[in-house]
Amino acid sequence: MSAFLFISDIDNTFVGDDDALHRLQHQLNIHRQTYGTKIVYATGRSLYLYREIAQEKSLLLPDALITSVGTEIYFDPTQDQYDPDWAKLLSQGWERDKIEAIATQYSALSPQPSSEQNQFKISYYLAEEDAIEVIPNLRSDLSQTEYQTKLIYSGSQDLDILPSYGDKGLAVQYLREKWKVEPHKTVTCGDSGNDIALFQGEERGIIVGNAKAELRQWYFSHRKPHHYLADASYAGGILEGLKQFGFLE
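Residues numbered from 1 in each chain as written. Predicted model: local features only at pLDDT ≥ 70, side-chain atom pairs only at ≥ 80, totals over all residues. Heavy atoms only, no water.

**What to know about helix α8 (residues 234–244)**
Turn by turn, an α-helix covers 3.6 residues, leaving residues three or four places apart pointing in a common direction.
Here comes step 1: Buried within α8 we find Ala235, Gly236, Gly237, Ile238, Leu239, Gly241 and Leu242.
Here comes step 2: Residues of α8 that are buried make contact with β1 (5–8), α1 (18–35), β9 (186–190), β10 (204–207) and β11 (227–229).
Here comes step 3: Of the residues flanking the end of α8, it is Gly246, one or two places downstream, whose phi is positive at about 85 degrees. (Buried < 20%, exposed > 50% of the residue type's maximum accessible area, 1.4 Å probe, protein only. Helix = DSSP H or I, 4+ residues; strand = E, 2+ residues; numbered from the N terminus. Contact = heavy atoms within 4.5 Å.)

In structure tokens form, the structure reads like this:
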């Protein structure tokens, strides 16, 4: 056993089965105390909503927190200050107001609450039947500008417009480089479309058994030897994957 970097989405991945969550947190906490393993949550939630679920589920305090689909990184999630170096990277080619003005031309897009918006994230609700037409057209409109953006659609309802450098996977790369952790000593865990970016690098990847259709489809089209689709769901699937990769006994 040795230290590793553990990264997990929260909703329906880390959280979802309280008994399995208790077992997983117990083992991760011991591993961190014994070997120096680092724990990171990578969530679509805002800092505000992360704090709600962290209190509700008594989550372990992470060594870093990636919020809002990778657009903010906090090294102390008890404080409100996000990492300024990450923000500087995201600001390149990003003009929030002008990008939002383009998106508002689509009536099918319904803005999410202000708590789910930030400087580098423009979020909407978008019905699945409308997404087929809206997403490619919006992507085409944005591609004709000088702005550097990406669209992430997940859960058949959430559309996020982000800077081109803003996603969970690139935030993980940033932390890996900062902490000098090799890919084979890093494991990522997720369940939905906004977690796909977590599995596009060389890190070990665990897809929990309750994963949504969009992530399962991606897995079967792109799977590699360092990806693992668990049989068990939620934290139970994470435990299964961590043992499969040899991170836990």
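What follows continues from the structure just given.
**Structural notes on the side chain of Ser68**
Here comes step 1: By secondary structure assignment, the location of Ser68 is in the loop between β3 (64–67) and β4 (72–74).
Here comes step 2: The exposure class assigned to Ser68 is buried, which follows from its relative accessible area of 4%.
Here comes step 3: When residues no more than four places from it in sequence are discounted, the contact partners of Ser68 are Thr43, Gly44, Arg45, Ser46, Asn118 and Lys121.

**Looking at a negative patch on the surface**
Here comes step 1: Together, Glu128, Glu129, Asp130 and Glu133 give the surface a local cluster of negative charge.
Here comes step 2: With respect to the element layout, Glu129 can be found in helix α5 (residues 128–143).
Here comes step 3: With a relative accessible area of 61%, Glu129 lands in the exposed category. (Patch = residues over 30% accessible without salt bridge, like charges linked within 9 Å, V, L, I, M, F, W, Y side chains within 5 Å. Areas by Shrake-Rupley, 256 points an atom, 1.4 Å probe, with all protein chains shown as cover. Salt bridge = Lys/Arg side-chain N within 4 Å of Asp/Glu carboxyl O. Lys, Arg positive; Asp, Glu negative; His and termini not counted. Charge placed at Lys NZ, Arg CZ, Asp CG, Glu CD.)

**Brief notes about the packing of aromatic side chains**
Here comes step 1: Enumeration over the complete set of coordinates arrives at 12 aromatic pairs.
Here comes step 2: Here the aromatic rings of Phe6 and Phe14 are separated by 6.0 Å at their centres, their planes lie at 55 degrees, and the arrangement is tilted. For the pair Phe6 and Phe14, one class covers both residues: buried.
Here comes step 3: Seen in terms of ring centroids, Phe199 and Trp218 are 6.4 Å apart; in terms of plane orientation they differ by 35 degrees. Their pairing is tilted. On the criterion of sequence distance, the pair formed by Phe199 in the loop between β9 and β10 and Trp218 in helix α7 (residues 213–222) is long-range, its members being 19 residues apart. Judged on exposure class, the residue Phe199 and its partner Trp218 are both buried.
Here comes step 4: Here the aromatic residues Phe4, Tyr228, Phe245 and Phe247 are joined through ring pairs into a cluster of three or more.
Here comes step 5: Between Lys38 and the ring centre of Trp179, over which it is positioned, the NZ or CZ distance is 4.7 Å. (Phe/Tyr/Trp six-rings, centres within 6.5 Å; stacked < 30°, edge-to-face > 60°. Lys NZ or Arg CZ within 6 Å of the ring centre and 35° of its normal.)

Geometric descriptors of this kind do not, in isolation, establish any biological role.
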